[in-house]
Amino acid sequence: MSRRSVFIPYRPKTILNKSKHVDHWFWTRYSAYPYIGCQHGCEFCYCRERKYAPYEAVDDFAYVIKVKENAPDLLRRALSRTPVEMVFTGDYQPAERKFKKSRQMLEVCLEMGFPVFILERSPLVLRDLDLIQEIHRRARAVVAFSIVDTPESPKSHQVREIERLSPPASKRFEAMQVLATAGIPTGTCMMPILPGLCDSPENLEAVVRWTAEHGGQFVLASGLTLSDQQREYFMDFLGDRFPALLPLYRRFYPPGSYAPSGYPWREVALRIREYCAGYGLPDRMPRAVIPGDKRTMNKRLVETFADTCYALELDDAPAYKVWAYRKAAWAIEDLEQDIRLVYQQLGRKGLQSIPNVGADLAGEIETWLKASESRDRPGGLQ
Ligand code: SF4
């Protein structure tokens, strides 16, 4: 018998999380969510880790949903003290039909002029298309869907079992099409790629193709992570439902590992890159340009450096090279002045005064800035 959900309203003191650095996948530093727990209950979900799911019984994560009653008020107060940056928000699990906290939080983002990024597994997000369009018109909105396979996949019945409480992938692709038709930038986050279930060349190609055919503008991919109680939970699930997969997962996730070890991640990522190129999609999410943002060029440069980091990782470049670009990107993100002014006033020396930017990177930035003068628009998701 299926278990009934229980909703526990409460009034937290804060709602807006701020990361130390802007995330180089979704371009967000701020996030705010209206619920704890998720009725979609995907068996692999990292939100079952203790730091995200403070439940005594790990099973409660999918059935005991804590509802932040005062979420919109808290968000309004927090955003009034926050620079206008993209906010990662929205949660369209079934609870949202009743409590409408995601909608109310989007209304606050619209009122305060903040752009939003939404990552979803449910077409319920379309209920708020009116608001999302208005936010996009004023400040930008991007809606991505978590999708790891298509109905074409021979393993889709197994993936379906793992995600059985969330709407099927076909419905998410349909929702993507509606958003794309409505002019909202959208795409696929193939997260997490489940070893032995989603990583066949056929499935990777199909996800990219379905994304392109449904108006998606990008495909991002990353691997499965396993930690503390979530790890035990997922391994127990596999042992119970798909015992033939257990040896594979035990091999890639030896005790103590968080990310997969020995998994051919680069090979998978390079395949996705190749399929994306074939369908004219990037395998990175282009950064949205926020209207009126005085630091647009800084952010474009950060995007370029972050893309370089990813390309270097795919090339198996030495870690120090990757980190050189990553740290410079973080420093440029935090630079309050327009980087063009820094360069105009002080030349290369000015660029080298930015933390983590040495002579070589200053030279690269100079070249990039000169090339950017000939661009007629800043690029990115419009
Ligand atoms: S929809 Fe997202 S948050 Fe909810 S259980 Fe699935 S992976 Fe976790």
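What counts and how
Residues numbered from 1 in each chain as written. Predicted model: local features only at pLDDT ≥ 70, side-chain atom pairs only at ≥ 80, totals over all residues. Heavy atoms only, no water. Salt bridge = Lys/Arg side-chain N within 4 Å of Asp/Glu carboxyl O. Helix = DSSP H or I, 4+ residues; strand = E, 2+ residues; numbered from the N terminus. Buried < 20%, exposed > 50% of the residue type's maximum accessible area, 1.4 Å probe, protein only. Phe/Tyr/Trp six-rings, centres within 6.5 Å; stacked < 30°, edge-to-face > 60°. Disulfide = S-S within 2.5 Å. Pairing = 2+ DSSP bridges. Axes fitted to C-alpha atoms, helices over the stretch in contact; angles between N-to-C directions. Parallel < 35°, antiparallel > 145°, perpendicular 65-115°, else oblique. Left-handed = near helix turned anticlockwise from the far one by under 90°. Contact = heavy atoms within 4.5 Å. Nonpolar A, V, L, I, M, F, W, Y, C, P; charged D, E, K, R; others polar. Domains from an automatic or database assignment. Buried area = accessible area lost by both parts, 1.4 Å probe.

**Student:** Looking at this model, I keep getting lost on the pattern of salt bridges. Mind explaining?
**Tutor:** Pairs can form between side chains of opposite charge whenever their charged atoms are close. Scanning the model with the defined rule gives 32 salt bridges in all. A salt bridge links Arg-138 to Glu-134; the shortest N-O distance between them is 3.6 Å. Here Arg-138 and its partner Glu-134 are both found in helix 4 (residues 129–138), 4 residues apart, which amounts to about one turn of the helix. For Arg-138, a relative accessible area of 47% gives the class partly exposed.

**Student:** Just checking my understanding: could you explain the packing of aromatic side chains for this structure?
**Tutor:** Two numbers describe a pair of aromatic rings. These are the distance of the centres and the angle of the planes. In the structure shown here, the tally under the stated rule is 15 aromatic pairs. Measuring from ring centre to ring centre gives 5.8 Å for Tyr-33 and Phe-88, while their planes differ by 70°; the resulting arrangement is edge-to-face. Of this pair, Tyr-33 sits in the loop between strand 3 (30–31) and strand 4 (35–36) while Phe-88 sits in strand 6 (residues 87–88), and the two are 55 residues apart along the sequence. Among the residues examined, Tyr-33 registers a relative accessible area of 27% and is labelled partly exposed. With centroids separated by 4.9 Å and ring planes inclined at 80°, the aromatic side chains of Phe-88 and Phe-117 adopt a geometry described as edge-to-face.

**Student:** Can you help me understand the state of the cysteines in this one?
**Tutor:** Two cysteines joined by a covalent bond between their sulfur atoms form a disulfide. Per the counting criterion, the structure on display carries 0 disulfides. The closest cysteine sulfur to the non-disulfide-bonded Cys-109 is located on Cys-189, 18 Å from its own sulfur. Of the residues examined, Cys-109 reaches a relative accessible area of 0% and is grouped as buried.

**Student:** What exactly am I supposed to notice about the sheet that holds strand 5 (residues 64–68) here?
**Tutor:** Each strand in a sheet pairs with another by means of backbone hydrogen bonds, the pair being arranged parallel or else antiparallel. Pairing is mixed in the open sheet, where 3 strands are placed in the order 1-5-4. Each end of this open sheet is capped by a strand with a single partner; those strands are strand 1 (6–10) and strand 4. Of the pairings in the sheet, the one linking strand 4 to strand 5 comprises 2 bridges and is antiparallel in character. Among the inter-strand pairings, Ile-36 is bridged to a residue of strand 5, identified as Lys-66.

**Student:** Help me understand the packing of helix 7 (residues 201–213) against helix 10 (residues 265–278) in this model?
**Tutor:** Working note: a packed helix pair is described by the angle between its axes plus the distance between those axes. Where helix 7 meets helix 10, the closest approach of the two axes is 9 Å, and the angle between their N-to-C directions is 40°. The angle between helix 7 and helix 10 falls in the class oblique. Crossing of helix 7 over helix 10 shows right-handed handedness. Here Pro-201, Leu-204, Glu-205 and Val-208 of helix 7 come into contact with helix 10, specifically with Val-268, Arg-271, Ile-272, Tyr-275 and Cys-276. For the contact of helix 7 with helix 10, the per-class residue count stands at 7 nonpolar, no polar and 2 charged.

**Student:** Would you mind showing me how to read the domain arrangement of the protein here?
**Tutor:** Note on interface size: it is often stated as the accessible area lost on association of the parts. With domains assigned, the protein is organised as domain 1 (6–278) and domain 2 (296–373). Between the C-alpha centres of domain 1 and domain 2 the distance comes to 30 Å. Taking both partners together, domain 1 and domain 2 bury about 1200 Å²; carbon and sulfur atoms supply 58% of that area. Between the two partners, domain 1 and domain 2, sit 3 salt bridges. In this structure, Arg-266 engages Asp-316 in a salt bridge whose closest nitrogen and oxygen atoms are separated by 3.8 Å.

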